[in-house]
Amino acid sequence: MRTFGGFRSEDRFFYGEIRGDEVHVLKNPFWVDIEPTGEIVRLTSVVVDLPVAPSKLIAVGLNYADHIAEMKRTTLGTPLIWFKSPASLLPHDGTIEIAFPDHQTDFEAELAVVIGKSAKNVLAERALDFVFGYTIGLDISDRDLQKTEKQFGRCKSFDTYTPIGPFVYADVDVSDVSLELRQNGEVRQSTRTSKMIYSIAQIISFASQSLTLLPGDVILTGTAAGVGPIHPGDELEAAIDDWPRLRNSVAIARDRGRTSDGTRPTNIM
Ligand code: MG
């Protein structure tokens, strides 16, 4: 298994490969090529930042039978895919900011796929050849909006609603690994990726029939039973296998109702 990430040191952002307690700095994003600059920094001396910068952030719904049952939904007969905004991505240790504190806003822990090669109309048998690696993601979901608007784009795309990381892992088999979410130390979701209805290969093949997947694109592959609401002050910890855990805290959004220049808009619905 090889481990890659995005890092910050003072004002500088860079991608790197982790080897032991060292980060080997790369010239380009690792999904483009793995070319070291020769610079090596200590992992403890840098801040872990976003490990991905996708052109598309694709999500898959209804991919575990026990989650379909708890949501009182039925299967479609094909994968259900939609898009989340890449602006919703949040790094490890970042704070999930609840946009509407009076709405039910749920966690969903998911295995995330990072695409490594352009993929269009690929067969499931070959689909894993187009994967760079995998990471851990949360698909934070405003259930009130999901129900009233009957589509999944906005309710799951608020800033900070897609925590991801801390790192991306290549050369690893994820066909049957544990996937777990703890809320304030209590296990809320616990499953194995082998319980997915549609495999990673089938999802990539299906998605590539309707759009071109580009290197760096990210696909969240669905969640299992046990989803539940988050509250300010919560600590969430998502884990896959024995990979480093993705940890995030929860707060009320600080910028509710404010525009990017700090003034208050007058036309909020
Ligand atoms: Mg989801």
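What you are looking at is a predicted structure, and each value in this text was computed from that prediction instead of being measured.

## Quick word on unusual backbone geometry
Between Gly-165 and the following residue, Pro-166, the backbone shows a cis peptide bond with an omega angle of 0°. Position of Pro-166 among the secondary structure elements: in strand E14 (residues 162-170). Positive phi outside glycine occurs at Leu-62, with the angle close to 50°. Even without being a glycine, Asp-171 presents a positive backbone phi close to 55°. Examined against the element boundaries, Asp-171 turns out to sit in the loop between E14 and strand E15 (178-183).

## A word on helix H4 (residues 200-210)
Within an α-helix, residues lying three or four positions from one another point in the same direction, as the helix has 3.6 residues per turn. Along H4, the positions that sit buried rather than exposed are Ile-200, Ala-201, Ile-203, Ile-204, Ser-205, Ala-207 and Ser-208. Turning to H4, the residues buried within the fold contact strand E6 (57-61), strand E7 (80-84), strand E11 (109-115), helix H2 (124-127), strand E12 (131-138) and strand E17 (218-220).

## Notes on the sheet that holds strand E13 (residues 141-142)
The 3 strands lie next to each other as E13-E10-E18, forming an open sheet whose pairing is antiparallel. Only two strands of the sheet have a single partner each, and these edge strands are E13 and strand E18 (228-229).

## Some remarks on the sheet that holds strand E9 (residues 95-98)
Taken in spatial order, the 5 strands line up as E9-E20-E19-E15-E16 in an open sheet, and their pairing is mixed. Sheet topology places E9 and strand E16 (186-192) at the edges, where each strand pairs with a single neighbour. For this sheet, the mean inter-axis angle between neighbouring strands, taken without regard to orientation, is 20°. By the bridge criterion, 5 bridges tie E15 to strand E19 (residues 235-240) in an arrangement that is antiparallel. Looking across to E19, one finds that Glu-180 is bridged to Ala-239.

## Quick notes on the domain arrangement of the protein chain
Domain annotation for the protein chain reports domain 1 (2-49) and domain 2 (57-252). Using C-alpha coordinates to define each centre, domain 1 is positioned 24 Å away from domain 2. Listed by partner, the interface residues are 11 residues for domain 1 and 13 residues for domain 2. When domain 1 packs against domain 2, close to 990 Å² is buried across both sides, 68% of that on carbon and sulfur atoms. Per-residue buried area on domain 1 facing domain 2 is highest for Arg-2, Trp-31 and Val-48; these three make up 51% of the total on that side. Summed over the shared surface of domain 1 and domain 2, the result is 0 salt bridges. At the junction of domain 1 and domain 2, the tally comes to 2 residue pairs in polar contact (both at pLDDT 80 or more).

## A word on the pattern of salt bridges
All told, the structure shown has 19 salt bridges when counted by the stated rule. Put simply, Lys-56 and Asp-217 hold a salt bridge, and the shortest N to O gap is 2.8 Å. A residue pair is termed long-range when its members are at least 10 positions apart, and Lys-56 in the loop between strand E5 (47-49) and E6 and Asp-217 in the loop between H4 and E17 qualify at 161 residues. The class of Asp-217 is buried, set by a relative accessible area of 0%. Between Arg-143 and Asp-106 there is a salt bridge, with the nearest N and O atoms lying 2.8 Å from each other. With a gap of 37 residues between them, Arg-143 in helix H3 (residues 143-149) and Asp-106 in strand E10 (residues 105-107) connect regions that are remote in the sequence. Each of the two residues, Arg-143 as well as Asp-106, counts as buried. When salt bridges with common partners are traced through the structure, they connect Lys-84, Asp-106, Glu-108, Asp-139, Arg-143 and Lys-156 into a single cluster.

## Quick word on the side chain of Arg-143
Arg-143 sits in the buried class, given a relative accessible area of 4%. Setting aside residues no more than four positions away along its own chain, Arg-143 makes contact with His-67, Met-71, Gln-104, Asp-106, Glu-108, Lys-156 and Val-227.

## Some points on empty space enclosed by the protein
Enumeration over the complete set of coordinates arrives at 1 cavity of 30 Å³ or more. Within this model, the largest cavity holds a volume of roughly 50 Å³. Lining the largest cavity are Gly-61, Leu-62, Thr-75, Leu-76, Thr-78, Pro-79, Leu-80, Ile-197 and Tyr-198. Grouping the constituent residues of the lining of the largest cavity by class yields 6 nonpolar, 3 polar and no charged.

How each quantity is defined
- Residues numbered from 1 in each chain as written.
- Predicted model: local features only at pLDDT ≥ 70, side-chain atom pairs only at ≥ 80, totals over all residues.
- Heavy atoms only, no water.
- Helix = DSSP H or I, 4+ residues; strand = E, 2+ residues; numbered from the N terminus.
- Buried < 20%, exposed > 50% of the residue type's maximum accessible area, 1.4 Å probe, protein only.
- Contact = heavy atoms within 4.5 Å.
- Pairing = 2+ DSSP bridges.
- Axes fitted to C-alpha atoms, helices over the stretch in contact; angles between N-to-C directions.
- Domains from an automatic or database assignment.
- Buried area = accessible area lost by both parts, 1.4 Å probe.
- Salt bridge = Lys/Arg side-chain N within 4 Å of Asp/Glu carboxyl O.
- Polar contact = N/O pair within 3.5 Å; in protein donor to acceptor, adjacent residues only side chain to side chain.
- 1 Å grid on protein atoms, 1.4 Å probe; cavity = no way out; pocket = protein on both sides within 12 Å on 5 of 7 lines; lining within 4 Å.
- Points joined across faces, edges and corners; volume = space filled by probe spheres on them.
- Nonpolar A, V, L, I, M, F, W, Y, C, P; charged D, E, K, R; others polar.

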